[in-house]
Amino acid sequence: MTDKEQINRRRTFAIISHPDAGKTTLTEKFLLYGGAIQSAGTVKGKASDKHAVSDWMDLEKQRGISITSSVMQFEYEGYCINILDTPGHQDFSEDTYRTLMAADSAVMVIDAAKGIEPQTRKLFKVCAMRGIPIFTFINKLDRDARDPFDLLDELEKEFGIGTYPMNWPIGCGRDFKGVYDREKRCILAFTEFHAGRRRIEGINCELNETEKLDSLIGERARRELTEQVELLDAASFDFDADKVQHGKLSPVFFGSALNNFGVEPFLESFLKMTQPPLSHQTNEGELSPFDEHFSAFVFKIQANMNKAHRDRIAFMRICSGKFERGNEYYHVQQGKMIKLSQPQQLMAQEREIIDEAYAGDIIGVFDPGIFSIGDTVRDKDLKVQFAGIPTFAPEHFADVEQIDSMKRKQFAKGMEQIAQEGAIQIFFMPGCGMERVVVGVVGMLQFEVLEYRMQSEYNVGFHRSPLKYREIRYITSDTDPKTLRLSRDTLWVQDVKGKNLLLFESDFDIRWALENNKELELKEFNQ
Ligand code: G4P
């Protein structure tokens, strides 16, 4: 196969949902179809001892939630599919946002009984910001569900996008009879066989074949379906592939991941509708994935994935060309040629060292502490740099002070490395040194993760006192912060690069600072 063919057959998508909507179950079914795993329960070994891909940290296991995200690759009908699993816990959103930067499209899983939930809302915004296609899987139709028209209405109103139902549910809960495929104009009946891996063929049945339909789903359901399909055909958006590509129209599928119902048709339509890897923006304009030169950016750094190895992995999204193990590549931020060691991919639950990978793929490489989020790695001759990944403004702050002065080095190293991974942000209070810092996080859970990791990986403890600040701004004017008139609810700090910032408790304090310091200019944190 040529490199171009390899790239053409790649599909890289993120799977997003509010916790419990069924993301893990759906991912697992995809992997089952691809033959990447043999039994259900492998992806999230919640109640069992089975190896779990996503739950790598004890803390996660204790809490029964998935706070990190992982990447899985599998083959399906000639396609090479990369799934970026995103953590569902709302506290860990920053990591999720970055993961979305590495995806070409997103699959949004929604619980049919609940509709849009807070986490779905946040994640959707990031997908919309990137303009990537969003496919919706409305799950758990085997349970009582909300009216499908209502669900679509909610999606359209809340997200400001069009929806196009690819299929339509026939009843729900105990009365769930299956779905009607609008394109093939046939019924896919829901039977007890769906739990297995076997292929379920749709039953070809026109809506006017009343007798056949009645015997299949019952007269009442048939009448209701006929009415609803007429309504849909008349009232819903037209299918427009271009709008789908730009995230303006979301194809919607109904099904039940747990029962393996509607998963395969979903996967097949999804693969047909999505495109090969997208181009990426660089300082030199758009870079095509088919450019012969290798290029990638780091979107995630994860330490301690495997306790036995005590390793730190930098995940890179390959944007163009082909990666070959053994080659040296240029790390733009360090200005150095480097060899990417132990390049690996997660194939379902196995980590596998790979010899080559292509645009669209995600590779994890051993990180001796040189990479930061957003870094560019490329062929020396390519001369581009990726735009980087936006950093989200921390919303919670704490004053963190080391306990044991004998462990100064470990404390500084641990804080610095964890900050490099992007899990926390550290700020310095001028004059305080490195023993006492301000830590900013997007979700409170990250404080716990920090404590846990500092203890288990660096063997240091610290005192943490919560701070009341909620807003953070960069000082953009040349003002010397020492000369500023600030209220007691404002704190001056510096970031790792020595840039000056102010922390405020409220908008009122921001206005007060601006009014009392005419020369002061401030900038939002994530601009
Ligand atoms: P998440 O990754 O989005 O957090 O959700 P996950 O797949 O873990 O699913 C959450 C719960 O919903 C699980 O039940 C799962 O079995 C169930 N579920 C997923 N899809 C369907 C579906 O189509 N129909 C029904 N009825 N249930 C579904 P659990 O009891 O919380 O966990 P488990 O013990 O089954 O793992």
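Residues numbered from 1 in each chain as written. Predicted model: local features only at pLDDT ≥ 70, side-chain atom pairs only at ≥ 80, totals over all residues. Heavy atoms only, no water.

1. Comments concerning the overall build of the protein chain
Note the cut-off: The helix and strand labels rest on DSSP assignments: H or I over at least four residues marks a helix, E over at least two residues marks a strand, and numbering proceeds from the N terminus. Working definition: with a 1.4 Å probe on protein chains only, accessible area under 20% of the residue-type maximum means buried, over 50% means exposed, and in between means partly exposed. Contacts were defined at the residue level, with two residues in contact if any of their heavy atoms lie within 4.5 Å. The protein chains shown are the only cover counted for residues, whose accessible areas, like all others here, come from Shrake-Rupley with a 1.4 Å probe.
On a plain count of helices and strands, the protein chain comes out with 13 helices and 30 strands. Per-residue burial over the protein chain gives 55% buried out of 527 residues. In the protein chain, the share of contacts with a sequence separation of at least 24, taken over all contacts with a separation of at least 6, comes to 69%. Of the roughly 23300 Å² of accessible surface on the protein chain, a fraction of 46% belongs to carbon and sulfur atoms.

2. Details of the sheet that holds strand S8 (residues 178-181)
Rules: Between any two strands, at least two bridges found by DSSP are needed for them to pair. Axis angles are defined between N-to-C directions and span 0 to 180 degrees, where every axis is a line fitted to C-alpha atoms and, for a helix, only to the segment in contact.
Within the open sheet, the three strands sit side by side as S7-S8-S9. Their pairing is antiparallel. Both edges of this open sheet fall to strand S7 (167-170) and strand S9 (186-189), since each of them pairs with a single strand only. Ignoring strand direction, the axes of neighbouring strands in this sheet form an average angle of 25°. This element, helix H8 (residues 219-235), spans S7, S8 and S9 of the sheet and lies at about 150° to S7.

3. Some points on the pattern of salt bridges
Our working rule: Salt bridges are defined by distance alone: a side-chain nitrogen of Lys or Arg within 4 Å of a carboxyl oxygen of Asp or Glu.
One pass over the full model with this rule turns up 22 salt bridges. Taking the shortest distance from any N to any O, the salt bridge between glutamate 158 and arginine 121 comes out at 2.7 Å. Of the two residues, glutamate 158 sits in helix H6 (residues 148-159) while arginine 121 sits in helix H5 (residues 118-130), which places them 37 residues apart along the sequence. Glutamate 158 sits in the partly exposed class, given a relative accessible area of 38%. Judged by relative accessible area, which is 31%, arginine 121 ranks as partly exposed. Measuring nitrogen to oxygen at the nearest pair gives 3.4 Å for the salt bridge that ties glutamate 154 to arginine 146. On the basis of relative accessible area, arginine 146 is assigned to the partly exposed category, the value being 27%. Connected via shared salt-bridge partners are Asp3, Lys322 and Glu356.

4. Regarding the layout of surface pockets
As a reminder of what qualifies: Buriedness of a pocket was judged along seven lines, with at least five required to meet protein on both sides within 12 Å; pockets are open sets of points on a 1 Å grid over the protein atoms alone, cavities are sets where a 1.4 Å probe fits but cannot get out, and lining residues have an atom within 4 Å of a point. Grid points are joined across faces, edges and corners, and a volume is the space filled by probe spheres set on the points. Polarity classes work like this: nonpolar for Ala, Val, Leu, Ile, Met, Phe, Trp, Tyr, Cys and Pro, charged for Asp, Glu, Lys and Arg, and polar for all others, with Gly in that last group.
Within this model, the largest pocket holds a volume of roughly 950 Å³. Taken together, 26 residues make up the lining of the largest pocket; nearest its centre are Thr391, Gln425, Tyr474, Val496 and Lys497. Contributing elements (two or more residues each) for the lining of the largest pocket: helix H4 (93-101), helix H11 (408-420), strand S24 (425-428) and strand S27 (471-475). For the lining of the largest pocket, a count of residues per class yields eleven nonpolar, eight polar and seven charged.

5. Concerning the nonpolar core
The line we're drawing: We define the nonpolar core as a collection of buried residues of types Ala, Val, Leu, Ile, Met, Phe, Trp, Tyr and Cys that are connected through side-chain atoms lying within 4.5 Å of one another.
Within the largest apolar cluster, 58 residues are counted, with the highest numbers of intra-cluster contacts made by Leu84, Met108, Leu155, Leu225, Phe254 and Phe299. When residues no more than four places from it in sequence are discounted, the contact partners of phenylalanine 299 are Leu84, Arg98, Thr99, Ala102, Phe315, Met316, Arg317, Ile362, Ile373 and Ile389. Listed in part, the 28 residues of the second largest apolar core include Phe13, Phe135, Val244 and Leu267.

6. Some details on the packing of H11 against helix H12 (residues 445-458)
Rule in force here: For classification purposes, angles smaller than 35 degrees are called roughly parallel, those larger than 145 roughly antiparallel, those between 65 and 115 roughly perpendicular, and all remaining angles oblique. A crossing counts as left-handed when the near helix is turned anticlockwise from the far one by less than a right angle, and as right-handed when that turn is clockwise.
At a closest axis distance of 10 Å, the pairing of H11 and H12 adopts a crossing angle of 125°. Between H11 and H12, the crossing angle belongs to the class labelled oblique. Along this stretch, H11 crosses H12, giving a crossing that reads as right-handed. Between H11, through Gln410, Phe411, Lys413, Gly414, Met415, Gln417 and Ile418, and H12, the contact on the second element is made entirely by Leu450, Arg453, Met454 and Tyr458. Its residues assigned to classes, the contact of H11 with H12 shows six nonpolar, three polar and two charged.

7. A closer look at the confidence of the model for the protein chain
Note the cut-off: Think of pLDDT as the predictor's per-residue confidence, scored from 0 to 100.
Residues of the protein chain with pLDDT of at least 70 account for 87%, and the chain-wide mean is 86. Counting interchain partners and residues more than four positions distant, the pLDDT-below-50 stretch residues 44-56 has 36 contacts.

8. Re the packing of aromatic side chains
So the rule is basically this: To pair, rings of Phe, Tyr and Trp, with the six-membered ring standing in for Trp, must have centres within 6.5 Å; the planes then decide the type, stacked if under 30 degrees apart, edge-to-face if over 60, and tilted in the middle. Whether a charge sits over a ring depends on NZ of Lys or CZ of Arg being within 6 Å of the ring centre and within 35 degrees of the ring normal.
Within this structure, the stated rule accounts for 22 aromatic pairs. Between phenylalanine 124 and phenylalanine 159, the aromatic rings sit 3.8 Å apart at their centres with planes inclined by 5°, giving stacked as the arrangement. Placement of phenylalanine 124 in helix H5 and of phenylalanine 159 in helix H6 is noted, with a sequence separation of 35 residues between them. By the burial criterion, phenylalanine 124 is buried, and phenylalanine 159 matches it. Between phenylalanine 149 and tryptophan 168 the ring centres are 4.7 Å apart and the planes differ by 50°, which places this aromatic pair in the tilted class. With phenylalanine 149 in helix H6 and tryptophan 168 in strand S7, this pair connects stretches of sequence that are 19 residues apart. Classification of tryptophan 168 by relative accessible area gives buried; the value is 0%. Clustering of aromatic rings is evident, with ring pairs tying together Phe13, Phe30, Phe135, Phe137, Phe253, Phe266 and Phe270. Here the guanidinium or amino end of lysine 4 rests over the ring plane of phenylalanine 290, the centre of that ring lying 5.7 Å away. A cation sits over an aromatic face here: arginine 182 above tyrosine 164, 4.7 Å from the ring centre.

9. Side note on helix H2 (residues 23-33)
Of all the eleven residues making up H2, ten are buried; the element is thus mostly covered by neighbouring parts of the structure. Along H2, the residues classified as buried are Lys23, Thr24, Leu26, Thr27, Glu28, Lys29, Phe30, Leu31, Leu32 and Tyr33. Buried residues belonging to H2 abut strand S1 (10-17), strand S2 (71-76), strand S3 (79-85), strand S4 (105-111), strand S5 (134-139) and helix H10 (263-273).

10. Some words on the environment of valine 71
Residue placement: valine 71 occurs in strand S2. Judged by relative accessible area, which is 7%, valine 71 ranks as buried. Sequence spacing of valine 71 and leucine 84 is 13 residues, and the spatial spacing of their C-alpha atoms is 4.6 Å.

11. Here we look at the sheet that holds S3
As a general point, the strands of a sheet are linked pairwise by backbone hydrogen bonds and lie either parallel or antiparallel. In spatial order, the strands read S2-S3-S1-S4-S5-S10-S6; together these seven strands make up an open sheet with mixed pairing. At either margin of the open sheet sits one strand with a lone partner, and together these are S2 and strand S6 (162-165). Within this sheet the neighbouring strands show an average axis-to-axis angle of 30°, counted without direction. Note that S1 and S4 share five bridges and pair parallel.

12. Re unusual backbone geometry
Even without being a glycine, glutamate 77 presents a positive backbone phi close to 45°. Of note, the phi angle at arginine 185 is positive, near 50°, even though the residue is not glycine. Position of arginine 185 relative to the elements: it lies in the loop between S8 and S9. With relative accessibility at 32%, the residue arginine 185 sits in the partly exposed group.

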